[in-house]
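# Survey of secondary and tertiary structure
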Amino acid sequence: MVHLEISISFHYYIIKQTSFHSPLHLCGLICKTHTHRSAELASSLLFNLWNMKEPLIRKNNDYPVATTSVEEDGLQQQQGRSESLWMVYLSTFVAVCGSYVFGCCAGYSSPTQDAIREDLSLSLAEYSMFGSILTFGAMIGAITSGSLADLLGRKGVMRLSSAFCAAGWIAIYFAEGAVALDIGRLATGYGMGVFSYVVPVFISEIAPKNLRGALATLNQVMICGGVSVSFIIGTFLTWRAIALTGLVPCGILLIGLFFIPESPRWLAKRGHEKEFEVALQKLRGKDANIAEEAAEIMEYIETLDRLPKVKMLDLFNRRYLRSVIIGVGLMVAQQFGGINGVCFYLSNIFQSAGFSPSVGTITYAILQVVVTLLITQVIDRAGRKPLLLASGSGLVLACLITGLSFYLKVNELALDYVPVMAVTGILLYIGSFSAGMGAVPWVIMSEIFPINIKGAAGGLATLVNWFGAWAVSYTFNFLMSWSSYGTFLVYAGINALAIVFVIMVVPETKGRTLEQIQAAING
């Protein structure tokens, strides 16, 4: 034992004076110079010394043996990691309440159309204004969202959006004519447009890189959930009562914001170093070592601060052009593939194909939520790009099937198969969209823009998204009047071009920090 103690002291001295690649390297040296039993003890103790851990000593026969269970350590680390991330999960839940408000706003007009027109004696033109003004409000929100988020912070602008949406719902509830309805709808549209930008950005800035994709996808899950719930409760609640239900997620969001930290990256960008460290520590857990992550964030922001202040035209400089093309291009691909035309006129499409609109709508609502939930489980394993490619391929196939069903109906061919084909095509369309093209562009948009241009570039991408939503919903009926099957062939072609764009331009971002992604794209 004396020999062993001297040997341990000697090799511990070696650790301090020389450099080995690993503790296993040193343990191999020990095993060459000691008996098996002595080497076992010495190696185990030195392995713990190497990692600066206290060895766990237990009796084994006549010799003290240090033991460390790797499996138990791994389990404890996983449990500790889960416990330390509870603030990330809470912050994400609070933020996606804004996404749910978004969905409630988008889904409100469809189940309430007949009741509102009857109660308030609105003409079709007046109700059409009520429906479409939401998109104009969202475009205004998109234009101002980036600069407001940079000025007020991510939490500050979510408070503002909630206030606009709450005021809008109250105006709709008390409305006795078209003017009050339109003012309320415009206000909810504004809040909706801001939420569409700030929620995915906030989540991407607080989440660890291994969870960022899944948590950001919850934005789309909650949007789908809000739309679906509006469809369902619209079958048994009055239109005024439905407006009141929209206040619930606004209230949860406003209260929840008092209990979660601000985005650490925004705090660092504004020069609030102490608050930045406190927020990051809260998000990673009180016992987590945040030194490396904090240093990487600060170093990147210091680099960006040395650059001149960015204006809208500066987004098209060579340094930022690729990230802008990716962000805007994905929004064009998402909207001009036809999603809002299909969603807004879903009942008419099913009716035109000879299928029950109510059954088709409920099936659609359930399917989009289920598929989007499944995507949250695989986005950080499968990656963003494969999901976009699979989604785009499904959209092309779905448009071709739906177009073929309308072609058969127009030419009175195989009429018995037309409803089945139309329903199959539409459900495949929404399933494919929810599987990638619905959520992933927002995830990537929140990842690729450096923080010094995130406000301007994110606002531009969101504006393009809402313009696309308006353009597609406005032109859909005209296209269907021109040619029902031709409309879906046009959308199939656009989705095919989107696949080419993803293959050639869009990078994979999974498993990388925001700073690594942005440096690779804009470096």
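Cut-offs used in this document
- Residues numbered from 1 in each chain as written.
- Predicted model: local features only at pLDDT ≥ 70, side-chain atom pairs only at ≥ 80, totals over all residues.
- Heavy atoms only, no water.
- UniProt positions renumbered as here; feature names shortened; annotations may be inferred.
- Axes fitted to C-alpha atoms, helices over the stretch in contact; angles between N-to-C directions.
- Helix = DSSP H or I, 4+ residues; strand = E, 2+ residues; numbered from the N terminus.
- Parallel < 35°, antiparallel > 145°, perpendicular 65-115°, else oblique.
- Left-handed = near helix turned anticlockwise from the far one by under 90°.
- Contact = heavy atoms within 4.5 Å.
- Nonpolar A, V, L, I, M, F, W, Y, C, P; charged D, E, K, R; others polar.
- Phe/Tyr/Trp six-rings, centres within 6.5 Å; stacked < 30°, edge-to-face > 60°.
- Buried < 20%, exposed > 50% of the residue type's maximum accessible area, 1.4 Å probe, protein only.
- Patch = residues over 30% accessible without salt bridge, like charges linked within 9 Å, V, L, I, M, F, W, Y side chains within 5 Å.
- Areas by Shrake-Rupley, 256 points an atom, 1.4 Å probe, with all protein chains shown as cover.
- Salt bridge = Lys/Arg side-chain N within 4 Å of Asp/Glu carboxyl O.
- Core = buried A, V, L, I, M, F, W, Y, C linked by side-chain atoms within 4.5 Å.
- Expected span 1.5 Å × (residues − 1).
- Arc of directions from axis to C-beta.
- Lys, Arg positive; Asp, Glu negative; His and termini not counted.
- Charge placed at Lys NZ, Arg CZ, Asp CG, Glu CD.

Naming follows an unreviewed UniProt entry, where the protein appears as Major facilitator superfamily (MFS) profile domain-containing protein of Linum tenue. Recorded under Subcellular location (unreviewed entry), the UniProt text for the protein is reproduced unchanged: "Membrane". In its Sequence similarities (unreviewed entry) section, UniProt records this for the protein: "Belongs to the major facilitator superfamily. Sugar transporter (TC 2.A.1.1) family."

## Some points on the packing of helix α8 (residues 178-206) against helix α22 (residues 454-482)
In contact at an axis separation of 10 Å, α8 and α22 are set at 130 degrees when each is read in the N-to-C sense. The pairing of α8 with α22 is recorded here as oblique in orientation. Remark: the crossing between α8 and α22 carries right-handed chirality. Mapping the contact onto sequence places Met192, Gly193, Ser196, Tyr197, Val201, Ser204 and Glu205 in α8 and Lys454, Gly455, Gly458, Gly459, Thr462 and Trp466 in α22. Classifying every residue of the contact of α8 with α22 gives 4 nonpolar, 7 polar and 2 charged.

## Looking at the packing of aromatic side chains
A complete count under the given rule lists 13 aromatic pairs for this structure. Judged by centre distance (6.2 Å) and plane angle (55 degrees), the ring pair of Phe136 and Trp470 falls under tilted. Taken together, the residues Phe136 in helix α7 (residues 124-174) and Trp470 in helix α22 connect sequence positions 334 residues apart. Judged by its relative accessible area of 25%, Trp470 is partly exposed. When the ring of Tyr407 is compared with that of Tyr485, the centres are 5.1 Å apart and the planes differ by 85 degrees; the resulting orientation is edge-to-face.

## Description of a nonpolar patch on the surface
Residues Trp86, Leu90, Phe93, Val248, Ile252, Ile255, Phe258 and Phe259 make up a contiguous nonpolar surface patch of roughly 870 Å² in combined accessible area. Put simply, the parts of the chain that give the nonpolar patch at least two residues each are α5 (86-107) and α11 (247-256). Here Val248 shows up in helix α11.

## Remarks on the nonpolar core
Core analysis: the biggest nonpolar cluster contains 118 residues, and Tyr108, Ile116, Leu181, Val198 and Phe488 have the highest contact counts within it. Counting residues per element, this core draws most heavily on α7, which supplies 14 residues. For Leu181, the residues in contact, after removing those within four places along its chain, are Ile116, Leu120, Leu122, Phe130, Ile172, Ala175 and Trp239. Among the nonpolar cores identified, the runner-up in size contains 14 residues, and Leu267, Ala268, Ile297 and Ile301 belong to it.

## Considering the packing of helix α15 (residues 318-336) against helix α24 (residues 514-522)
A pair of packed helices can be characterised by two numbers: the angle between their axes and the separation between those axes. Viewed as axis vectors pointing N to C, α15 and α24 meet at an angle of 110 degrees, and their least axial separation amounts to 8 Å. As far as their axial angle goes, α24 and α15 are roughly perpendicular. Across from Arg319, Tyr320, Arg322, Ser323 and Ile326 in α15, the residues of α24 making contact are Ala520, Ile521 and Asn522. Each residue belonging to the contact of α15 with α24 can be placed in one class, and the counts come to 4 nonpolar, 2 polar and 2 charged.

## A short note on helix α13 (residues 273-284)
Here α13 contains 12 residues, and its C-alpha end-to-end distance of 16 Å stays within 8% of the 16 Å for a straight helix at 1.5 Å per residue. Among the residues of α13, Phe276, Ala279, Leu280, Leu283 and Arg284 are the ones counted as buried. Seen end-on, α13 carries its buried residues on one side only, within an arc spanning 125 degrees. With its phi angle positive at about 105 degrees, Gly285 sits one or two positions after the end of α13.

## What about a negative patch on the surface?
A cluster of like negative charges, contributed by Glu273, Glu277, Glu299 and Glu302, occupies part of the molecular surface. Of all the secondary structure elements, the ones that give two or more residues to the negative patch are α13 and α14 (291-305). Structurally, the position occupied by Glu302 is in helix α14.

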